[in-house]
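Read off the chains here:
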Amino acid sequence: MISNTNIRTCRYPYTLAPKPHLFTARDWPRFFALNGRQRVALAIIAGCALCVGIVSVLSLHAQVVAVQNKWQQVQSRSVVLGNEQNQLTVERDKLSSQERISKIAAARLQLFEPAPGQIQQL
């Protein structure tokens with residue numbers, strides 16, 4: 001099929017298309033035209049928003065500091081408990097040693113380990 005090169009699609013001239021409005025510096029006075037009461041109200045709202053932001057940041061900081069202090073306390077308690085566990089493990093090993101048990105059995109109960117010839121197996 002041969003296309004007709006004389007036919008053009010319908011295009012509107014650029015001048016008829018709506019131009020996008022750019023916000024320029026000279027539009028600021030019209031856009032933010034506020035009377036005295038509105039300016040005071042806007043200043044109060046902005047001040048309150050700033051105060052709320054500052055208070056929320058400070059409270060968050062206080063919570064972070066509290067958590068850090070609690071973490072340091074837990075960490076120091078963990079070190080103390082670890083040292084105590086090591087000491088108790090050493091003491092348990094001393095108390096349960098074979099030599100100590102043999103000495104106490106001989107001294108208090110007059111019990112002695114059997115000689116190799118005294119043990120008979122069936």
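Residues numbered from 1 in each chain as written. Predicted model: local features only at pLDDT ≥ 70, side-chain atom pairs only at ≥ 80, totals over all residues. Heavy atoms only, no water.

**Q** Talk me through the overall build of the protein chain; I want residue IDs and the actual numbers.
**A** The helix and strand inventory of the protein chain stands at three helices and zero strands. Ordered by position in the sequence, the α and β elements of the protein chain form the string α-α-α. Taking all 122 residues of the protein chain together, 2% fall into the buried category. When the accessible surface of the protein chain is totalled, it reaches about 12,400 Å², and 63% of it is carbon and sulfur. (Helix = DSSP H or I, 4+ residues; strand = E, 2+ residues; numbered from the N terminus. Buried < 20%, exposed > 50% of the residue type's maximum accessible area, 1.4 Å probe, protein only. Areas by Shrake-Rupley, 256 points an atom, 1.4 Å probe, with all protein chains shown as cover.)

**Q** Please provide a residue-by-residue account of a nonpolar patch on the surface, values included.
**A** A surface patch of nonpolar side chains, about 310 Å² in accessible area, is lined by Leu 50, Ile 54 and Leu 58. The class of Leu 50 is exposed, set by a relative accessible area of 56%. (Patch = residues over 30% accessible without salt bridge, like charges linked within 9 Å, V, L, I, M, F, W, Y side chains within 5 Å. Salt bridge = Lys/Arg side-chain N within 4 Å of Asp/Glu carboxyl O.)

**Q** Which residues make up the confidence of the model for the protein chain, and what are the values?
**A** This prediction gives the protein chain a mean pLDDT of 84; 75% of its residues lie at or above 70. Confidence scores differ between elements of the protein chain, with helix 1 (residues 28–31) showing the lowest mean pLDDT of 62 and helix 2 (residues 36–95) the highest of 95. (pLDDT = per-residue confidence, 0-100.)

**Q** Just give me the short version of helix 2, but keep the residues and values in it.
**A** An α-helical turn contains 3.6 residues, so any two residues separated by three or four positions project in the same direction. Taking 1.5 Å of rise per residue, the 60 residues of helix 2 would be expected to cover 88 Å, and the 88 Å separating its terminal C-alpha atoms lies within 8% of that figure. Where helix 2 begins, one side-chain oxygen reaches toward the backbone nitrogen of Arg 37, 3.3 Å away; that side chain belongs to Asn 35. (Expected span 1.5 Å × (residues − 1). Polar contact = N/O pair within 3.5 Å; in protein donor to acceptor, adjacent residues only side chain to side chain.)

**Q** Give me the lowdown on the environment of Asn 35, citing residues and values where you can.
**A** With respect to the helices and strands, the residue Asn 35 is situated in the loop between helix 1 and helix 2. A distance of 3.3 Å separates the side chain of Asn 35 from the backbone nitrogen of Arg 37, its partner in a polar contact. Polar side-chain contacts of Asn 35 include one of 2.9 Å to the backbone nitrogen of Gln 38.

**Q** Describe helix 3 (residues 98–109), and please don't skip the residues or the numbers.
**A** With twelve residues, helix 3 should cover 16 Å at 1.5 Å per step; its first-to-last C-alpha distance of 16 Å lies within 8% of that length. For helix 3, the tally of buried residues reaches only one of twelve residues, placing the bulk of the element at the surface. Looking one or two residues past helix 3, Gln 110 carries a phi angle of roughly 50°, positive in sign.

**Q** Summarise the state of the cysteines; cite the residues concerned and give the values.
**A** Overall, the coordinates contain zero disulfides when judged by the stated rule. Of all cysteine sulfurs, the one in Cys 51 lies closest to Cys 48, which takes part in no disulfide; the gap is 6.4 Å. Note on Cys 51: relative accessible area 48%, which makes it partly exposed. (Disulfide = S-S within 2.5 Å.)

**Q** Explain the pattern of salt bridges to me, using residue names and the numbers behind them.
**A** If you walk through the whole model with that rule in mind, you get one salt bridge. In this structure, Arg 92 engages Asp 93 in a salt bridge whose closest nitrogen and oxygen atoms are separated by 3.5 Å.

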